[in-house]
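A look at the structure
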Amino acid sequence: MALKDQISEHITPALHKAGYFLEDVNLVSPGQHRIVTVIVDGESALNLDQVTVASKLVSELLDEATFMGETPFTLEVTSPGIDRALTLPRHFAKNVDRLLKVTKSDGVVITGRILSNTDSDVTLSVTEKKDVKEVVISLGDIKRAQVEIEFNRKEGDK
């Protein structure tokens, strides 16, 4: 089993128990050293204290793990950035009311505000020529979905 998979399998139960989700593990090996980056998320955006708790938890687990071998490593624990692709139903639920740019498998691009989602689709409020309509997109039809950054949105804007 690859080291990335061993790390994921080893830390996932403890992260879940603490209320976090493991999003990804990245490994880089420059020279005789490893950099292990663990990306964690929660039901809501993580603050610095929560990332610190997750970091301590992962650090303790990896320090004890025999599969890490003798190669020294640096651990980085972070939360996903705003530019990450939304892929799971919980990603969409966490971003309700945010502007989303969806590229469908057929190449069609739709931008709209997330109204709701289920385990199989996401509903967007899309404005076209001053007309507002609801568009339901199956998660299986999404090639890429990413939150659009809004700098000028005022409270209450839809």
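Before any of the text, the structure's been laid out above.
The following refers to the structure shown. Predicted model only: the values in this text are computed from it and were never measured. (Residues numbered from 1 in each chain as written. Predicted model: local features only at pLDDT ≥ 70, side-chain atom pairs only at ≥ 80, totals over all residues. Heavy atoms only, no water.)

Here we take up the environment of Asp-106. Considering the arrangement of structural elements, one finds Asp-106 in the loop between strand E4 (99–104) and strand E5 (109–117). Between the C-alpha atom of Asp-106 and that of Asp-141, which follows or precedes it by 35 residues, the distance is 8.0 Å. Within the structure, Asp-106 has its side chain in polar contact with the backbone nitrogen of Val-108 (distance 3.1 Å). (Helix = DSSP H or I, 4+ residues; strand = E, 2+ residues; numbered from the N terminus. Polar contact = N/O pair within 3.5 Å; in protein donor to acceptor, adjacent residues only side chain to side chain.)

The next point concerns the sheet that holds strand E1 (residues 21–28). Spatial strand order, E1-E2-E3: 3 strands in an open sheet with mixed pairing. On the outer flanks of this sheet lie E1 and strand E3 (73–78), each paired with one strand and no other. Mean inter-strand twist for the sheet, computed between neighbouring axes without regard to direction, equals 15 degrees. Sitting on the sheet, helix H1 (residues 3–17) is in contact with E1 and strand E2 (34–41), with an inclination near 150 degrees to E1. Against the sheet, helix H2 (residues 48–64) touches E2 and E3, its axis set at about 150 degrees to E3. (Pairing = 2+ DSSP bridges. Axes fitted to C-alpha atoms, helices over the stretch in contact; angles between N-to-C directions. Contact = heavy atoms within 4.5 Å.)

Considering all chains together, one arrives at 0 aromatic pairs under this definition. Here the basic side chain of Arg-90 rests over the ring of Phe-21, its NZ or CZ set 3.8 Å away from the ring centre. (Phe/Tyr/Trp six-rings, centres within 6.5 Å; stacked < 30°, edge-to-face > 60°. Lys NZ or Arg CZ within 6 Å of the ring centre and 35° of its normal.)

A separate point is the packing of H1 against H2. How two helices sit against one another is set out by the angle between their axes and by the gap between those axes. Where H1 meets H2, the axes come as close as 10 Å, and the angle between the chain directions of the two elements is 135 degrees. One element, H1, and the other, H2, form an angle in the oblique class. Between H1 and H2 lies a crossing whose hand is right-handed. When H1 is examined against H2, the residues Ile-7, His-10, Ile-11, Ala-14 and Leu-15 are found in contact with a partner set consisting of Ala-54, Leu-57, Val-58, Leu-61 and Leu-62. In terms of residue class, the contact of H1 with H2 is built from 9 nonpolar, 1 polar and no charged. (Parallel < 35°, antiparallel > 145°, perpendicular 65-115°, else oblique. Left-handed = near helix turned anticlockwise from the far one by under 90°. Nonpolar A, V, L, I, M, F, W, Y, C, P; charged D, E, K, R; others polar.)

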